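Letter by letter, the chains look like this.
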Amino acid sequence: MDRLSLYLDPQIRDWVLFPITLVMILVGILRHYVVILLQSPPKKLSRAATREQRALTRSQILRATSSNSPIPPAFYKSISQHLSEAYKAGTYLKDGPPKADAPSSAPNPLSDPAAMDGMMAGMKTQMVMMVPQMVIMGWINFFFQGFVLIKLPFPLTLGFKSMLQRGIDTPDMDVRWVSSLSWYFLNFFGLNGLYRLILGGDNGADSSRDMTASPFAAMGNAQPGQPQDFNKLFKAERDNLEFAEGLHNWVGENMDIKILRKYGKLAAL
Amino acid sequence: MATTTDNAAQLIFAPNVLHNQALTSVKFLSFCFAGAVAGILGLENWLGFALFIASIVSTSFIIYAINCRGKPAKYLPGGLGELVNPGQDNIFTFILVWTLFYGIIHVYD
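Residues numbered from 1 in each chain as written. Chains lettered and ligands numbered in written order. Predicted model: local features only at pLDDT ≥ 70, side-chain atom pairs only at ≥ 80, totals over all residues. Heavy atoms only, no water.

Participant: Where do I start with the interface of chain A and chain B in this structure?
Facilitator: Each partner contributes to the interface: chain A provides 41 residues, whereas chain B provides 30 residues. Between chain A and chain B lies a buried interface of about 3100 Å² when both sides are counted; carbon and sulfur atoms form 64% of it. When the buried area of chain A at its contact with chain B is split by residue, Pro153(A), Phe154(A) and Arg196(A) rank highest and sum to 18% of it. Our count for the contact surface shared by chain A and chain B stands at two salt bridges. Here chain A and chain B share four residue pairs in polar contact (both at pLDDT 80 or more) between them. Mapped by element, the contributors of at least two residues to the side of chain A that touches chain B are helix 1 (10-38), helix 2 (47-64), strand 1 (150-151), helix 6 (180-190), helix 7 (192-199) and helix 10 (230-247) of chain A. Looking at the side of chain A that touches chain B residue by residue, the classes come out as 23 nonpolar, 11 polar and seven charged. (Contact = heavy atoms within 4.5 Å. Buried area = accessible area lost by both parts, 1.4 Å probe. Salt bridge = Lys/Arg side-chain N within 4 Å of Asp/Glu carboxyl O. Polar contact = N/O pair within 3.5 Å; in protein donor to acceptor, adjacent residues only side chain to side chain. Helix = DSSP H or I, 4+ residues; strand = E, 2+ residues; numbered from the N terminus. Nonpolar A, V, L, I, M, F, W, Y, C, P; charged D, E, K, R; others polar.)

The following block contains the structure:
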């Protein structure tokens, strides 16, 4: 079966094989730049709002190294207690300290315009990703149909015959002889690595990302921070701070004893 | 956010970790060349995939011996597994380049 070899016109190679690959590479690069251009810059927050968002991060940074901390206990405790007081009094909240009688509520994500922008942006990029692929598939099906393009070096099962030999009605031909649409699929999967090389890791041309991402993923990214009620978060953070304070352990503690031991001036443990 | 810390994670310097991701482009290029070799030699079926496996082994070995100096865990977060893993994209890249060269050289005159 393998000894039978079809003779293919070299012009097919020049006018179909290379052009399809070239077009797909160029369209991928185009998609990447279109996605970049379509992304609207993130909305600038006011100073108070930014301070509110960053306040949590401050205590998280402090807590992250508490059990192996580079700062001595006096400093750590003073920062920790200052933050704790500030959270309780609500000095970092965007609208100032909460009034005793006003109920606190989180903004509704559907009505909050900033979150809607995030969702729209995600869906726009999805559309940009899909459209070129459909167009190229249509172009290939229209112009490059009905002939054998290339022979695959590896065998496939008969089930693939209908997909890879579309337009060629030969029931007995080896599945390894395939039409141009299968070359499109090979390129579709195989060019991701090339895009990663030329466009950098996080590029907009990556087709493997299209299948895993969805507008819901983009929504998930846009939401955090907006509907959260910072007052409640601050209260929770106070408990965390207290816990971490209990765990605090300075790396420089007993440093004099450790150094003496290291150089043998003091009896080892 | 967890209140316990990962002491080993504290010692990692992020920009260096990012730089070591250059490993992925090294792997990509080596699989491109391996695909070209497989195509030019006219390897078929399992011989081609055997070359793929051989190229994974030799690339990983060279990086292991020369770059990581026998300690991949020190340079890569995933350790030995991440060093050897070809990555999902690279398998398809290998097949694409293999098919391309096989077609150019052996199918067309």
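Having put the structure on the table, let's press on.
Participant: Explain the pattern of salt bridges here, please?
Facilitator: Should their charged atoms come close, side chains of opposite charge can pair. Under the criterion given, the structure shown has three salt bridges over all chains. Between Asp14(A) and Arg13(A) there is a salt bridge; the shortest N-O distance is 3.3 Å. Judged by its relative accessible area of 37%, Asp14(A) is partly exposed. A relative accessible area of 17% means that Arg13(A) is categorised as buried. Residue Glu44(B) is joined to Arg176(A) by a salt bridge in which the shortest nitrogen-to-oxygen separation is 2.9 Å. One end of the pair, Glu44(B), is in the loop between helix 3 (22-41) and helix 4 (45-67); the other, Arg176(A), is in the loop between helix 5 (161-164) and strand 2 (177-178), on a second chain. (Buried < 20%, exposed > 50% of the residue type's maximum accessible area, 1.4 Å probe, protein only.)

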